Structure formats: structure tokens, C-alpha cells
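Descriptive analysis of the structure
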Amino acid sequence: YTRKSTSAGLEMDFNSLDAQRDACLAYVARQEGWRVVEERYDDGGFTGANIERPAFQRLLEDVEAGKVDIVVVYKVDRLSRSLLDFAKLMDRFDKAKASFVSVTQNFSTADPMGRLTLSLLISFAAFEREMIAARTRDKVVAARRKGKWTGGPVPIGYVIADGKLAVHE
């Protein structure tokens, strides 16, 4: 799978997606018994902040259908820039009995050390999620203590003025 955040330069004869693919193909060629599927999964001009990318969605469908058993990328951030999304993807791959390899970062879930690393990443993702929730709750509580409006539908007869509810005559 290859991804480039911007579409700039994609019209060139040899672009970033081609360079990523070449590195991945070279890695696969060094692995005994591995072969490349015919389908190309290239997303040019798509962010890694979410997984709503056309080629990536096709890849996920093929992984879940058993057509792909190892997803190979140039770098982990080509797959996802969100630790939470990454953890969810690894769970989906695991359920489909598929592995994940990043060729430039020596990361592979095809071996025990890679699975241990993945477990640590997932633990950090859970910690990050819990810390974000705690900070959000703390911020809402602090705002309410100061009399600030913290959201929701504005009651009839009121308006928001300077971040607080005010009576609307």
C-alpha cells in the first residue's frame, strides 16, 4: 500500500508512490515464499489522519476477503497517522489473519517481536485515549465553574454572550 498526502507531483513519470512501491517490492522479493498481488493500492492526495481513502478501503476489503495476508508499506505513517486508527487496523488485520510490515522501520507483525511491539503500541493508544477523555472532562468542569456555557442546545429565552448564557429579553 502506498499513500501520498498531496497530489503535487503525482503526474510525474516516477513519483513518490512509485518510489514507495519499489522499496516495498524489493522487500517482498527478499522474503522467501512471498508474492505480490496484482492489484495496486495507491492513494495519491489523501491524508493519513483517517482511513477514508479509496485504495485503502479496497485493501481492507481484500484483507478481510482473504486475498491479502500481509500488508506491506514503506513507513507506518503511510498506513495511518492516528495511533487509535492504527490499533483498530491491527485488530482488523489480526481477525483476518493478516500481518503488517513497514519496510523502512523494521516493524512486522509476522513475528513474535513485532506482535509484542504492536501490543505496546495498542497499550499506548488506549492510554492516549483515556488521557484525552480525562483532559476533556477536566476542561468542561473548569469551564462550568467559571459559569461558561459548555454546549448543547441553548434554552429558550437565552442566548450565548461572551461564552455564557444570558437572558434574551
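Residues numbered from 1 in each chain as written. Predicted model: local features only at pLDDT ≥ 70, side-chain atom pairs only at ≥ 80, totals over all residues. Heavy atoms only, no water.

Observations concerning the pairing of strand 4 (residues 99-102)
Stated precisely, the cut-off is as follows: Per-residue accessibility, obtained with a 1.4 Å probe over protein chains only, is compared with the maximum for each type, and a residue is labelled buried under 20%, exposed over 50%, and partly exposed between these values. Runs of H or I in DSSP of at least four residues are treated as helices and runs of E of at least two as strands, each being numbered from the N terminus. For two strands to be treated as a pair, DSSP must find at least two bridges joining them.
Every second residue of strand 4 is oriented toward a common face, with Ser99 and Val101 on one face and Phe100 and Ser102 on the other, all of them buried. Across four bridges, strand 3 (residues 70-73) lies against strand 4 in parallel orientation. Bridge pairing links Val72 to Val101 in strand 4. Hairpin connection of strand 4 to strand 5 (residues 107-108): four residues between the antiparallel strands, including Asn106 at a positive phi of 50°.

Here we look at unusual backbone geometry
Phi at Lys97 takes a positive value of approximately 60°, unusual for a residue other than glycine. Positionally, Lys97 belongs in the loop between helix 4 (83-95) and strand 4. With a phi angle near 55°, Asp162 is a residue other than glycine that sits in the positive phi range. Here Asp162 falls in the exposed class, since its relative accessible area comes to 73%.

Focus: the sheet that holds strand 4
With mixed pairing, the three strands of this open sheet are ordered in space as 3-4-5. Here the strands that pair on one side only, and so sit at the sheet edges, are strand 3 and strand 5.

Quick look at the confidence of the model for the protein chain
Note the cut-off: pLDDT expresses, on a scale from 0 to 100, how confident the predictor is about each individual residue.
Summarising the model, the protein chain shows a mean pLDDT of 90, and 99% of its residues fall at 70 or more. Of all the helices and strands in the protein chain, strand 5 carries the lowest mean pLDDT, 79, while helix 2 (residues 54-64) carries the highest, 97.

Points about the packing of aromatic side chains
Using the following cut-off: Here the aromatic set is Phe, Tyr and Trp, taking the six-membered ring for Trp, and pairing holds for ring centres within 6.5 Å; pairs whose planes are under 30 degrees apart are stacked, those over 60 apart are edge-to-face, and all others are tilted. Our definition puts a charge over a ring when NZ of Lys or CZ of Arg is within 6 Å of the ring centre and also within 35 degrees of the ring normal.
Evaluated as defined, the whole model comprises three aromatic pairs. Centroid distance Phe86 to Phe100: 5.5 Å. Interplanar angle 75°. Geometry classified as edge-to-face. With a gap of 14 residues between them, Phe86 in helix 4 and Phe100 in strand 4 connect regions that are remote in the sequence. By the burial criterion, Phe86 is buried, and Phe100 matches it. Cation over ring: Arg53 sits above Phe56, and NZ or CZ is 4.8 Å from the ring centre.

As for the pattern of salt bridges
Using the following cut-off: For salt bridges, the criterion is a side-chain nitrogen of Lys or Arg within 4 Å of an Asp or Glu carboxyl oxygen.
Under the criterion given, the structure shown has seven salt bridges. Between Asp77 and Arg78 there is a salt bridge, with the nearest N and O atoms lying 3.1 Å from each other. A salt bridge links Asp91 to Lys95; its shortest N-O distance comes to 3.2 Å. Taken together, the residues Asp91 and Lys95, both in helix 4 and four residues apart, mark about one turn of the helix. Residue class for Asp91 comes out partly exposed when judged on its relative accessible area of 37%. For Lys95, a relative accessible area of 65% puts it in the exposed group. Through salt bridges with shared partners, one network takes in Asp18, Arg40 and Asp42.

Examining the nonpolar core
Using the following cut-off: Here, nonpolar core refers to any group of buried Ala, Val, Leu, Ile, Met, Phe, Trp, Tyr and Cys residues whose side-chain atoms link them within 4.5 Å. Whether two residues are in contact is decided by their heavy atoms: any pair within 4.5 Å suffices.
Grouped together as the largest cluster of nonpolar side chains are 20 residues, with contacts concentrated most on Phe56, Leu59, Val71, Leu79, Met90, Phe93 and Phe100. Mapped onto this core, the elements with two or more residues apiece are helix 2, strand 3 and helix 4. If we ignore the near neighbours within four places in the chain, the residues touching Phe56 are Tyr1, Asp43, Ile51, Leu79 and Leu89. If you look at the next biggest cluster of nonpolar residues, it comprises six residues, including Cys24, Val28, Val101 and Val103.

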